[in-house]
Amino acid sequence: MAGAALGAPGPLAPGSLSPLPRLPARLLRSRRGQVMDRNPSPPPPSRDEEEDGEGAGGDCIGSTVYSKHWLFGVLSGLIQIVSPENTKSSSDDEEQQMELDEEMENEICRVWDMSMDEDVALFLQEFKAPDIFMGVLAKSKCPRLREICVGILGNMACFQEICVSISSDKNLGQVLLHCLYDSDPPTLLETSRLLLTCLSQTEVASVWVERIREHPAIYDSICFIMSSSTNVDLLVKVGEVVDKLFDLDEKLMLEWIRNGAVQALDQPQEDSEEQPAFRIVPCILEAAKQVRSENPEGLDVYMHILQLLTTVDDGIQAIVQCPDTGKDTWNLLFDLVCHEFCQSDDPPIILQEQKTVLASVFSVLSAIYASQTEQDYLKIEKGLPLIDSLIRVLQNMEHCQKKTENSTESNTEETKKSNLTQDDFHLKILKDISCEFLSNIFQALTKETVAQGLKEGQLSKEKCSSAFQNLLPFYSLVMEDFIKILHEVDKALADDLEESFPSLKVPT
């Protein structure tokens, strides 16, 4: 999937990035035929090394069996590729530059695999390999070579000392960010992986956030990928980068929310096809739809991004202000909870797998529902099926909690404390969100919608009892108002519920 429309950038001056070019439609799919063996044998020692006795250990990198001389040879070959005499080629040779010699590809892929070893990564750092890779990324037009070089840097960045060194190099940082404008999905994937690795290191995360903030064009590139790519691996990794950025820096999140709105206002009508204004929410929704069936973890990531947006007023407005965007968001999330997650024929334990994504989905739906937007899709009668889903989640949660309690009954007090795991924490969050959302729905019920809910089965005695059991005593006023309405629609059911929950009995 080579392409000249977005070739490699030329040398970059410190503190500068080229403007974002238009990305071609071929970004939509990965290159084919590029699957490599990622677990090769170590390079064998040369005959000279064996004669010198270096093959027995003197030529080895750290405690590995990898050869220093062999690695020097591969890196020297890379230097030759980007040397001035090789980069000043005629237009007839440009197509050849797009391809990588098979032998060189095999060797540099060995380095890629070797770089997962800390001794090798440190040796590469000592040999100034990042500078060599920076030269390749700045000058080479070969997508495969660029992908491999970023991949090696991504492996090296997994080690804290090297990550700090890579992150402190401004020129390398510029070149790596410029890789986000590439037209090659594998290169974009490795670049996103590298960025996520750096953003996950507390020592350097702020450096990368600030660099990204300084280059608004990155917003357009990421939005384009989310809205246009069908490469699920790439979409998941880009989503993880956005999720991490928004989690780290609310200011950046607000800038990206407002960026799309400002672009849309400034954009002339006749230019809409040539220069699309990317709004963050539709791009997130498109990516979520793409990963939905193929990668549950990726869907979880995009739902969490939406949840982060709802933590600020501007984010909620970005969802609901445009009727089409609000409707698309509501419909997608409504479909997930009513037809995909935690269904009636699923075992209760399924909640353990879905707890984080459900918490995000319910949180966003609740924020939209409470936004006071007068839209047809938010009419209470259309939200009645959510009562079923919310109550089922709460019932399954009780099952999971009982199972956890039973498994810890025989444990010591110290062991019980250690069993308060992250799972318990996420279940508690899900319960709090579910209860708040359910109370909002009950609060909006009218006499007509209660009658409809009784007819359709969402407000049966069993479901009402489950709702009351979870919502009391924190939402007692809401439940008291509901009982008053229920008395007008089905007095017998209201009396039964008051019998089970005496605190709700309406004074006569």
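Structure: see above.
Residues numbered from 1 in each chain as written. Predicted model: local features only at pLDDT ≥ 70, side-chain atom pairs only at ≥ 80, totals over all residues. Heavy atoms only, no water.

With respect to the overall build of the protein
Next, step 1: Broken down by element type, the protein carries 28 helices and 0 strands.
Next, step 2: The buried share of the protein, taken over its 508 residues, is 50%.
Next, step 3: Taking the contacts inside the protein whose residues are at least 6 apart along the sequence as the reference set, 76% of them involve residues at least 24 apart.
Next, step 4: Accessible surface for the protein amounts to roughly 24500 Å². Of this, 48% is attributable to carbon and sulfur atoms. (Helix = DSSP H or I, 4+ residues; strand = E, 2+ residues; numbered from the N terminus. Buried < 20%, exposed > 50% of the residue type's maximum accessible area, 1.4 Å probe, protein only. Contact = heavy atoms within 4.5 Å. Areas by Shrake-Rupley, 256 points an atom, 1.4 Å probe, with all protein chains shown as cover.)

Topic: the side chain of Thr187
Next, step 1: Assignment of secondary structure puts Thr187 in helix 11 (residues 185–199).
Next, step 2: The exposure class of Thr187 is buried, given its relative accessible area of 0%.
Next, step 3: At a separation of 2.7 Å, a polar atom in the side chain of Thr187 contacts the side chain of Asp184.
Next, step 4: With residues up to four places along the chain from it excluded, the contact list for Thr187 reads Pro143, Arg146, Glu147 and Asp182. (Polar contact = N/O pair within 3.5 Å; in protein donor to acceptor, adjacent residues only side chain to side chain.)

Here we look at unusual backbone geometry
Next, step 1: In this chain, Leu472 is followed by Pro473 through a cis amide linkage whose omega measures 5°.
Next, step 2: Summarising the element assignment, Pro473 is placed in the loop between helix 26 (461–471) and helix 27 (476–489).
Next, step 3: Residue Lys128 is not a glycine yet carries a positive backbone phi of 65°.
Next, step 4: A positive phi is found at Cys342, a non-glycine position, where the angle reads about 45°.
Next, step 5: Tracing the backbone shows Cys342 in the loop between helix 19 (323–339) and helix 20 (350–369).

What to know about the state of the cysteines
Next, step 1: All chains considered together, the criterion is met by 0 disulfides.
Next, step 2: The structure places no disulfide on Cys223, whose sulfur is separated from the nearest cysteine sulfur, that of Cys283, by 4.0 Å.
Next, step 3: Given the relative accessible area of 0%, Cys223 is considered buried. (Disulfide = S-S within 2.5 Å.)

Quick look at the pattern of salt bridges
Next, step 1: With the rule as written, the count across this model stands at 18 salt bridges.
Next, step 2: As a salt-bridge pair, Asp182 and Arg146 come within 2.8 Å of each other at their nearest N and O atoms. Of this pair, Asp182 sits in the loop between helix 10 (170–178) and helix 11 while Arg146 sits in helix 8 (residues 143–156); the two residues are 36 residues apart in sequence, bridging distant segments of the chain.
Next, step 3: Between Arg292 and Asp335 there is a salt bridge, and its shortest N-O distance comes to 2.7 Å. On the criterion of sequence distance, the pair formed by Arg292 in the loop between helix 16 (280–291) and helix 17 (296–309) and Asp335 in helix 19 is long-range, its members being 43 residues apart.
Next, step 4: One network of salt bridges, with partners in common, ties together Glu210, Arg213, Asp249 and Glu255. (Salt bridge = Lys/Arg side-chain N within 4 Å of Asp/Glu carboxyl O.)

Re the packing of helix 11 against helix 14 (residues 232–248)
Next, step 1: Where helix 11 meets helix 14, the axes come as close as 9 Å, and the angle between the chain directions of the two elements is 30°. Our classification of the angle between helix 11 and helix 14 gives roughly parallel. As for how helix 11 packs across helix 14, the hand of that crossing is left-handed. Packed against helix 11, whose contacting residues are Pro185, Leu188, Leu189, Ser192, Arg193, Leu195, Leu196 and Leu199, the element helix 14 presents Asp233, Leu234, Lys237, Val238, Glu240, Val241, Lys244, Leu245 and Leu248 at the interface.
Next, step 2: Each residue belonging to the contact of helix 11 with helix 14 can be placed in one class, and the counts come to 11 nonpolar, 1 polar and 5 charged. (Axes fitted to C-alpha atoms, helices over the stretch in contact; angles between N-to-C directions. Parallel < 35°, antiparallel > 145°, perpendicular 65-115°, else oblique. Left-handed = near helix turned anticlockwise from the far one by under 90°. Nonpolar A, V, L, I, M, F, W, Y, C, P; charged D, E, K, R; others polar.)

A word on the environment of Phe437
Next, step 1: Along the chain, the position of Phe437 falls in helix 24 (residues 422–444).
Next, step 2: A relative accessible area of 0% means that Phe437 is categorised as buried.
Next, step 3: In sequence terms Phe437 and Ala367 are 70 residues apart; their C-alpha atoms lie 8.6 Å from each other.
Next, step 4: Here Phe437 is in contact with Trp330, Phe362, Leu365, Ser366, Tyr369, Leu386 and Leu390, once residues within four sequence places are set aside.

Structural notes on helix 9 (residues 160–168)
Next, step 1: Among the residues of helix 9, those classed as buried are Ile162, Cys163, Ile166 and Ser167. Viewed along the axis of helix 9, the buried residues span an arc of 130°, placing them on a single side of the element. Among the exposed residues of helix 9, those oriented more than 90 degrees off its buried face are Glu161 and Ser168.
Next, step 2: The elements touched by buried residues of helix 9 are helix 6 (118–126), helix 8, helix 10, helix 11 and helix 12 (205–213). (Arc of directions from axis to C-beta.)

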